Amino acid sequence: MSDMTVQEMQAARVLDGVAVAAEIKAEAGLEVAALKAQGIQPGLAVVLVGDLAASGIYVRSKRKTCAELGIYSELLTPDESVTTEEMLALIAGLNARDEIDGILIQLPLPRHVDTRRLLEAVLPEKDVDGFHPVNAGRLQTGRPALAPCTPAGILEILRRSEIEVHGKYAVVVGRSNIVGKPAAVMLVNASATVTVCHRFTPDLARYTREADILVVAVGRPELITPEMVKPGAVLIDVGINRITDAAEVERLFPGDAARAEGFQKRGSTVVGDIAPEAFRLASAYTPVPGGVGALTIAMLMQNTVTAAKLRRGLVMG
Ligand code: NAD
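Residues numbered from 1 in each chain as written. Predicted model: local features only at pLDDT ≥ 70, side-chain atom pairs only at ≥ 80, totals over all residues. Heavy atoms only, no water.

Colleague: I would appreciate a short explanation of the overall build of the chain in the present structure.
Modeller: The number of helices and strands found in the chain is 13 helices and 11 strands. The C-alpha radius of gyration computed for the chain amounts to 20 Å, which stays within 12% of the reference 20 Å derived for 317 residues, consistent with globular compactness. Taking the principal axes of its C-alpha atoms as reference, the chain extends roughly 65 × 40 × 40 Å. When contacts within the chain are restricted to residue pairs at least 6 apart in sequence, those whose partners lie at least 24 apart make up 72%. (Helix = DSSP H or I, 4+ residues; strand = E, 2+ residues; numbered from the N terminus. Rg over C-alpha atoms; globule rule 2.2 N^0.38 Å. Contact = heavy atoms within 4.5 Å.)

Structure representation (structure tokens):
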């Protein structure tokens, strides 16, 4: 790309995930209030196995957000040694309780537990993570479904930022069941033309360079470099990578005082999968942190409210 083109380009718009998440949460809070007026309080059960510090942080912030919005929440903390059978019994209990609308099993689970069996044991109507094959199938066939929170957040930030998806060429890098695959399905449902790339895609740049909307969910810093981006593209960076090397932070964010200060305080900084330089070519992008990550909990709240309504026939199933 010539320098001329760079100069002619407008500054990239930052898509503020925190602000969009606040909007979604406020709307979910209003829905909760309306349900409460009908004597219904949406309820979320969170199952956290063992003592995984990182998962504990996520769980705390999920429960805190429930409290803010008036959603009932309950934390179940089976011991690390819990068996698959015991977990199945626990899930069956939650499936049967009317005041529980959503069941969230915090991943990862200990290796001796059969994660797939457990996720499939959650009633699809209470599967607020959208991981059950029934919900994946509903999503695939374009029927109302509880959709996985992170890709749902991506579509929501695009919609609320008035970024056209219809008729655009979208490339999704990453094909996990949690992010990449459902993101691709949702983009197709929104009438984009979609290519999914993954670790075995030869010549990744061949696809990413053509993308009007590029969604990257891999977990590798700087996987996407400026040469791999079409000028004016919309960049959605889902990756979460923790950098602990001061020199690396300075190389990636030269002269960025806020980054340097945050790094000094915490001893690490979080970056996505797209090189910071590549963002300058975009028409719009989600930053890391403060982009897609901020939306995931908001979408979980939204799903819990939707589950409460769906189960009571208050919205079309
Ligand atoms: P995953 O490990 O399940 O999947 C990674 C995908 O990347 C795989 O499909 C793999 O084929 C692909 N991949 C690996 N190396 C590649 C390469 N060199 N070129 C192209 N593709 C490659 O991960 P995941 O659960 O989908 O998460 C992906 C990233 O998104 C991680 O950094 C994770 O922390 C982050 N994440 C963020 C949120 C959020 O709320 N923002 C939620 C979930 C995951």
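Colleague: Where do I start with the site of the ligand in this structure?
Modeller: In the vicinity of the ligand, 19 residues are found, and the nearest of them are Arg-175, Ser-176, Arg-199, Ile-240 and Thr-296. Arg-175 is positioned such that a nitrogen or oxygen atom in its backbone is 2.8 Å from an oxygen atom of the ligand. The protein chains hide 74% of the 850 Å² of surface that the ligand would expose on its own. By residue class, the composition of the shell around the ligand is 8 nonpolar, 8 polar and 3 charged. (Near = heavy atom within 4 Å. Polar contact = N/O pair within 3.5 Å; in protein donor to acceptor, adjacent residues only side chain to side chain. Areas by Shrake-Rupley, 256 points an atom, 1.4 Å probe, with all protein chains shown as cover. Nonpolar A, V, L, I, M, F, W, Y, C, P; charged D, E, K, R; others polar.)

Colleague: I would appreciate a short explanation of the pattern of salt bridges in the present structure.
Modeller: Any two side chains of opposite charge can pair, so long as their charged atoms come close to each other. Under the counting rule described, the total for this entry stands at 15 salt bridges. The salt bridge involving Arg-251 is made with Glu-248; its shortest N-O contact spans 2.9 Å. With Arg-251 and Glu-248 both in helix 10 (residues 246-252), this residue pair falls 3 residues apart, about one helical turn. Residue class for Arg-251 comes out partly exposed when judged on its relative accessible area of 46%. Members of the salt-bridge network, linked through shared partners, are Glu-23, Glu-27, Glu-156, Arg-159 and Arg-160. (Salt bridge = Lys/Arg side-chain N within 4 Å of Asp/Glu carboxyl O. Buried < 20%, exposed > 50% of the residue type's maximum accessible area, 1.4 Å probe, protein only.)

Colleague: Help me understand the sheet that holds strand 4 (residues 102-105), please; the structure alone is not making it clear to me.
Modeller: Strand pairs in the sheet, formed through backbone hydrogen bonds, run parallel or antiparallel to each other. With respect to topology, 3 strands assemble into an open sheet ordered 3-2-4, the strand pairing being parallel. Looking at strand neighbours, the two that pair on one side only are strand 3 (72-76) and strand 4, the edges of this open sheet. Going across the sheet, the axis of each strand differs from the next one's by a mean of 15°, ignoring polarity. The pairing of strand 2 (residues 43-47) with strand 3 spans 5 bridges and is parallel. Bridge assignment links Gly-43 to a residue of strand 3, and that residue is Tyr-72. Running at roughly 160° to strand 4, helix 4 (residues 84-96) makes contact with strand 2, strand 3 and strand 4 of the sheet. (Pairing = 2+ DSSP bridges. Axes fitted to C-alpha atoms, helices over the stretch in contact; angles between N-to-C directions.)

Colleague: I tried to follow the environment of Arg-280 on my own but got confused; where do I start?
Modeller: As for its placement among the helices and strands, Arg-280 is situated in the loop between helix 12 (276-279) and strand 11 (284-285). Under the relative-accessibility criterion, Arg-280 is labelled exposed at 62%.

Colleague: Just to check I follow, could you spell out the side chain of Thr-269 for this structure?
Modeller: Tracing the sequence through the fold places Thr-269 in strand 10 (residues 269-271). For Thr-269, a relative accessible area of 9% gives the class buried. A distance of 3.0 Å separates the side chain of Thr-269 from the side chain of Arg-259, its partner in a polar contact. Once residues lying within four places of it in the same chain are set aside, the contact partners of Thr-269 are Asn-241, Arg-242, Ile-243, Val-249, Arg-259 and Phe-263.

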